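Below, each chain spelled out in residue letters.
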Amino acid sequence: MRPVTPQLTVDAVIELEDGRIVLVDRKFYPSGWALPGGFVDPGESLASAVRREAREETGLVIRALELFWVYSMPWRDPRGDTVSLVYACSASGEPLGGDDAAAARGFPADCLPFDRMAFDHAKILRQYLRWRETGERPSVEE
C-alpha cells in the first residue's frame, strides 16, 4: 500500500576530484544505477541525511556544496511517491558500494549509463550536467 503523503528523500550528485560522477548499482528493487541517496529519517536534517546516505552507500565523506533542485513528480519512484532534494556534492577517494548498493563507481560524464538508470536519475543527471556547463537550472515544468 502506498503512503498517503509523499516520502522525503535526498540524493547526491557527487563529483570526484577528477570530475567523475559517483553512481551506485542498486542491490534492491528497482534495479539499475542511481544517485546515492535515500529516505530522510525522523529528526534528521536534510544535510545530515545526504551525508549519511552517501557515506552508507559509497563509503565517501562528501561535502554538500549546494542544493541543486527539488524533484516531486508523482510516480517518479515505483515504490511510492517521493519528494527528493538533490544536492551537488564533492568528495575525494574511491567509492565502495555498501548498505543497499551492490557497487559504487565513478563514471566520466561522457560515459554515464543513462539507459540503465533507476527512477528519474537519468533526467536528473542530464539536467545537472546542463547546469554545470551553462548555469541553467531546470524549469519548474521539467
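From a predicted model like this one, the values you see are computed outputs, not experimental measurements.

Some remarks on the environment of A12
Right, so step 1: By the secondary structure assignment, A12 is in strand β1 (residues 7-16).
Right, so step 2: For A12, a relative accessible area of 0% gives the class buried.
Right, so step 3: With 73 residues separating them in the primary sequence, A12 and L85 have C-alpha atoms 8.6 Å apart.

Some details on helix α1 (residues 46-58)
Right, so step 1: Taking 1.5 Å per residue, 13 residues should reach 18 Å; α1 reaches 18 Å between its end C-alpha atoms and fits that length.
Right, so step 2: Along α1, the residues that are buried comprise A49, V50, R52, E53, A54, E57 and T58.
Right, so step 3: Contact partners of the buried residues in α1: β1, β2 (21-26), β4 (37-39), β5 (63-71), β6 (82-91) and β7 (101-107).
Right, so step 4: Among the residues trailing α1, G59 stands out with phi positive, at a value near 75 degrees.

Thoughts on unusual backbone geometry
Right, so step 1: The omega torsion across Y29 and P30 is -10 degrees, close enough to zero to call that bond cis.
Right, so step 2: Despite not being glycine, F119 shows a phi value in the positive range, around 55 degrees.
Right, so step 3: Exposure remark for F119: the relative accessible area of 24% places this residue in the partly exposed category.

As for the nonpolar core
Right, so step 1: By size, the foremost hydrophobic cluster in this structure holds 18 residues, and its most contacted members are V13, I21, L23, L112, L125 and Y128.
Right, so step 2: If you list the elements that add at least two residues to this core, you get β2, β5, β6 and α2 (121-134).
Right, so step 3: With six residues, the single largest contributor to this core is α2.
Right, so step 4: Filtering out sequence-adjacent residues up to four positions away, L112 remains in contact with I21, L23, F107, L125 and L129.

Reading the values: rules and limits
Residues numbered from 1 in each chain as written. Predicted model: local features only at pLDDT ≥ 70, side-chain atom pairs only at ≥ 80, totals over all residues. Heavy atoms only, no water. Helix = DSSP H or I, 4+ residues; strand = E, 2+ residues; numbered from the N terminus. Buried < 20%, exposed > 50% of the residue type's maximum accessible area, 1.4 Å probe, protein only. Expected span 1.5 Å × (residues − 1). Contact = heavy atoms within 4.5 Å. Core = buried A, V, L, I, M, F, W, Y, C linked by side-chain atoms within 4.5 Å.

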